[in-house]
Amino acid sequence: PDLDRHCQRLGRSAEAMDLRPTLSAPEIEALCREGVRRLPRDSDLYIRPAFFAEDGFVNPDPDSTAFVLAVYEDSMPTFKGFRACRSTLRRPARDMATTDAKTSGLYPNSARALREAAERGYDNAILDDANGNVAEFATANLWIVKDGVAQTPVENGTFLAGITRARVLRLLAYAGTPVQERVMVFADVMEADEIFSTGNYTKVSPVLRIEDRNLQPGPVARRAYDLYMDWAKGFSAF
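Draft legend 1. Expanded view of the packing of helix H1 (residues 3-16) against helix H4 (residues 163-174). At a minimum axis separation of 10 Å, H1 and H4 run at an interaxial angle of 140 degrees. Considered as vectors, H1 and H4 are oriented oblique to each other. In this structure, the crossing between H1 and H4 has a hand that is right-handed. Counting all contacts with H1, which are made through Arg 5, His 6 and Arg 9, the residues of H4 involved are Ile 163, Arg 167 and Arg 170.

Given below as structure tokens:
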């Protein structure tokens, strides 16, 4: 879903990392579709295109930019939910890292947050931004629901506001669910009626436990999941 937007973001991310993309977004999309056609029709597939530099010490040589594409079987996650806690780590500010790019350089911080969460018995972690406001989960964008309003942290340049996040925001609004992008603190998360995540890998997934508080998958999260999956499968024209 939204393959064209993912391919466009790949080019922007490469440029943000001072690489020189060797393929255009439409060319990357065509290669992705060709890769999908070569695998069994009913397979659950994950598509992972990437640009990287083959030369350069610390500072990459833009002229050495190369492209790789992996298309492989990976079962679609279900709407089963996960447990999350607050991380002691934070997302970097825009002047600290390439937060405007989908880059492997940001993943080590997420990995540290996930290890910290796992050591405490949780599946994922919520990270604040550099100013102490909630940014996102270690591996996905964060949503809460309060009094029927679906809310997600406003894009502020410290985290990647994902393509799936944008799609879910539009789908919920189109279906009549009030949606709000706002600055939020961790107390807002703890007081929420529902908490869920959006991301390209897990799509929409509810939080079943936040710190010491148990939750149930809520109606807005379920609606977001159903709306997204119907759209992704072509059952919805929106």
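Draft legend 2. Looking closely at unusual backbone geometry. Despite not being glycine, Val 58 has its phi angle at roughly 65 degrees, a positive value. Structurally, Val 58 is set in the loop between strand E1 (45-53) and strand E2 (65-73). Accessibility expressed as a relative area gives 77% for Val 58, which makes it exposed.

Draft legend 3. Layout of helix H6 (residues 219-232). Along its 14 residues, H6 runs 20 Å from first to last C-alpha, staying within 8% of the 20 Å computed at 1.5 Å per residue. Close packing links the buried residues of H6 with strand E6 (141-146), strand E7 (149-153), H4, strand E9 (194-199) and strand E10 (203-210). Looking one or two residues beyond H6, the residue adopting positive phi is Gly 234, at roughly 85 degrees.

Draft legend 4. Here's a closer look at the packing of H1 against helix H2 (residues 25-37). Orientation of H1 relative to H2, taken along the N-to-C sense of each, is 125 degrees, at an axis distance of 8 Å. Relative to H2, the element H1 lies oblique. Crossing of H1 over H2 shows right-handed handedness. Together, Leu 3, Asp 4, Cys 7, Gln 8 and Leu 10 of H1 and Ala 25, Ile 28, Glu 29, Cys 32 and Arg 33 of H2 make up the contact between the two elements. Residue composition of the contact of H1 with H2, grouped by class: 6 nonpolar, 1 polar and 3 charged.

Draft legend 5. View of the environment of Arg 182. Tracing the backbone shows Arg 182 in strand E8 (residues 179-182). Taking the C-alpha atoms as reference points, Arg 182 and Ala 111, 71 residues apart in sequence, are found 26 Å from one another. Setting aside residues up to four positions removed in sequence, Arg 182 forms contacts with Ile 144, Gln 151, Thr 152, Pro 153, Val 154 and Asp 188. Side chain to side chain, Arg 182 and Gln 151 meet in a polar contact 2.6 Å long.

Draft legend 6. Main features of the nonpolar core. The biggest cluster of nonpolar side chains holds 17 residues, and the ones touching the most others in it are Trp 143, Val 168, Leu 172, Phe 196, Val 204, Ala 224 and Tyr 228. Of all the secondary-structure elements, those providing two or more residues to this core are E6, H4 and H6. With 7 residues, the single largest contributor to this core is H6. Sequence-distant contacts of Val 204, defined by excluding residues within four places in its chain, comprise Phe 79, Val 168, Phe 196, Ser 197, Thr 198, Ala 221, Ala 224 and Tyr 225. Core analysis: the next-biggest nonpolar cluster, separate from the first, contains 15 residues, Val 134, Phe 137, Met 184 and Ile 210 among them.

Draft legend 7. Region of interest: the packing of aromatic side chains. Applying the stated criterion to the full structure yields 7 aromatic pairs. Both rings, one in Tyr 46 and one in Tyr 201, keep their centres 5.6 Å apart while their planes meet at 65 degrees; by these two values the pair is edge-to-face. Here Tyr 46 is found in strand E1, whereas its partner Tyr 201 is found in the loop between E9 and E10, with 155 residues between them in sequence. Taking relative accessible area as the criterion, Tyr 201 reaches 38% and is therefore assigned partly exposed. Seen in terms of ring centroids, Trp 143 and Phe 196 are 5.5 Å apart; in terms of plane orientation they differ by 10 degrees. Their pairing is stacked. With Trp 143 in strand E6 and Phe 196 in strand E9, this residue pair connects regions lying 53 residues apart in the sequence. Pairwise contacts between aromatic rings join Tyr 46, Tyr 72 and Tyr 201 into one cluster. A cation sits over an aromatic face here: Arg 222 above Phe 79, 4.6 Å from the ring centre.

Draft legend 8. The arrangement of the pattern of salt bridges in detail. Applying the stated criterion across every chain yields a total of 14 salt bridges. With a closest N to O distance of 2.9 Å, Arg 37 and Glu 34 form a salt bridge. One end of the pair, Arg 37, and the other, Glu 34, are both in helix H2, 3 residues apart, so they sit about a helical turn from each other. A relative accessible area of 58% places Arg 37 in the exposed class. The partly exposed category is assigned to Glu 34, whose relative accessible area is 30%.

Each value, and the rule that gives it
- Here the residue index of a chain counts from 1 through its sequence in written order.
- Given that this is a predicted model, residues contribute local features only at a pLDDT of at least 70 and side-chain atom pairs are listed and counted only at 80 or more, while totals for whole chains, interfaces and linings are drawn from all residues.
- To get the side-chain values, take all heavy atoms of the structure and skip hydrogens and water.
- To get an axis, a line is fitted to the C-alpha atoms, and for a helix only the part in contact is used. The angle between two axes follows their N-to-C directions and goes from 0 to 180 degrees.
- Each helix is a run of H or I in the DSSP string that is no shorter than four residues. Each strand is a run of E no shorter than two, and both are numbered from the N terminus.
- By the definition adopted for this analysis, an angle is roughly parallel if under 35 degrees, roughly antiparallel if over 145, roughly perpendicular if from 65 to 115, and oblique otherwise.
- Two helices that cross are described as forming a left-handed crossing if the nearer one is turned anticlockwise from the farther one by less than a right angle, and a right-handed crossing if clockwise.
- We call two residues in contact when some of their heavy atoms are within 4.5 Å.
- Burial here depends on accessible area, computed with a 1.4 Å probe over protein chains only, as a share of the maximum for the residue type. Under 20% is buried, over 50% is exposed, and the range in between is partly exposed.
- Here the expected length of a helix is defined as 1.5 Å per residue gap, with one fewer gap than residues.
- Side-chain classes follow a simple rule in which Ala, Val, Leu, Ile, Met, Phe, Trp, Tyr, Cys and Pro form the nonpolar group, Asp, Glu, Lys and Arg form the charged group, and the remainder, Gly included, forms the polar group.
- A 3.5 Å cut-off defines polar contacts: any pair of N or O atoms within that distance qualifies, except that in protein one atom must be a possible hydrogen donor and the other a possible acceptor, and neighbouring residues in sequence count only when both atoms are side-chain atoms.
- Note on terminology: a nonpolar core comprises buried Ala, Val, Leu, Ile, Met, Phe, Trp, Tyr and Cys residues joined through side-chain atoms within 4.5 Å.
- Aromatic rings from Phe, Tyr and Trp, taking only the six-membered ring of Trp, are treated as a pair when their centres fall within 6.5 Å; an angle between ring planes under 30 degrees marks them as stacked, one over 60 as edge-to-face, and anything in between as tilted.
- A ring is considered to have a charge above it if a Lys NZ or an Arg CZ atom is located within 6 Å of its centre and within 35 degrees of its normal.
- For this document, the term salt bridge refers to a Lys or Arg side-chain nitrogen within 4 Å of an Asp or Glu carboxyl oxygen.

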